[in-house]
Amino acid sequence: MKKKIIRPTAAEDAAITKAAMADPDSIPFTDEEWEKARPTMVRGRGRPLGSGSKEQVTLRIDKDVLDFYKSKGEGWQTFINLVLGEIKKEAKSISAVEKKIIKGNLISNKLKIAA
């Protein structure tokens with residue numbers, strides 16, 4: 001059975017508003033405050049929008065490597081992004097990263113200390 005919405009009468013609404021205005025902890029918004037707040041409250045269904053600067057990908061990572069990063073707790077995905085970003089900053093090109101991996105010196109001393 002569908003629930004029916006019962007709207008207050010004009011007199012009931014006025015009494016509710018009067019009581020709310022008398023309570024210093026529960027003052028209703030002014031029209032200006034509603035106009036300012038309304039755009040932040042309207043949102044469609046689904047996950048919140050991202051920042052627009054990141055792209056969602058599917059990536060297969062060895063279990064032990066993933067467990068290592070997940071052991072950091074909350075924010076482990078952001079941390080992986082930061083580590084990859086630092087590697088990108090240090091390298092001039094992707095071939096430079098490949099060469100460092102082959103030589104075994106991908107991470108600089110300053111990153112080794114931070115880890």
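Residues numbered from 1 in each chain as written. Predicted model: local features only at pLDDT ≥ 70, side-chain atom pairs only at ≥ 80, totals over all residues. Heavy atoms only, no water.

Draft legend 1. Focus on the overall build of the chain. When helices and strands are counted, the chain shows six helices and zero strands. When the helices and strands of the chain are read in sequence order from the N terminus, they spell out α-α-α-α-α-α. Burial analysis of the chain (115 residues in total) assigns 6% to the buried set. Of the accessible surface of the chain, which amounts to about 11500 Å², a share of 58% is contributed by carbon and sulfur atoms. (Helix = DSSP H or I, 4+ residues; strand = E, 2+ residues; numbered from the N terminus. Buried < 20%, exposed > 50% of the residue type's maximum accessible area, 1.4 Å probe, protein only. Areas by Shrake-Rupley, 256 points an atom, 1.4 Å probe, with all protein chains shown as cover.)

Draft legend 2. Representation of the packing of aromatic side chains. This structure, assessed with the given rule, holds three aromatic pairs. Between Phe 29 and Trp 34 the ring centres are 5.2 Å apart and the planes differ by 65 degrees, which places this aromatic pair in the edge-to-face class. Using a relative accessible area of 44% as the deciding quantity, one classes Phe 29 as partly exposed. Between Tyr 69 and Phe 79 the ring centres are 6.1 Å apart and the planes differ by 45 degrees, which places this aromatic pair in the tilted class. Pair noted here: Tyr 69 is in helix α3 (residues 63–70) and Phe 79 is in helix α4 (residues 76–90), with a separation of 10 residues, a long-range link. The structure contains a cluster of three or more aromatic residues connected by ring pairs, namely Phe 68, Tyr 69 and Phe 79. (Phe/Tyr/Trp six-rings, centres within 6.5 Å; stacked < 30°, edge-to-face > 60°.)

Draft legend 3. Examining the pattern of salt bridges more closely. Tallied over the full model, the rule gives two salt bridges. With its nearest N and O atoms 3.2 Å apart, the salt bridge here joins Lys 89 to Glu 86. Pair noted here: Lys 89 and Glu 86 are both in helix α4, with a separation of three residues, about one helical turn. For Lys 89, a relative accessible area of 66% puts it in the exposed group. (Salt bridge = Lys/Arg side-chain N within 4 Å of Asp/Glu carboxyl O.)

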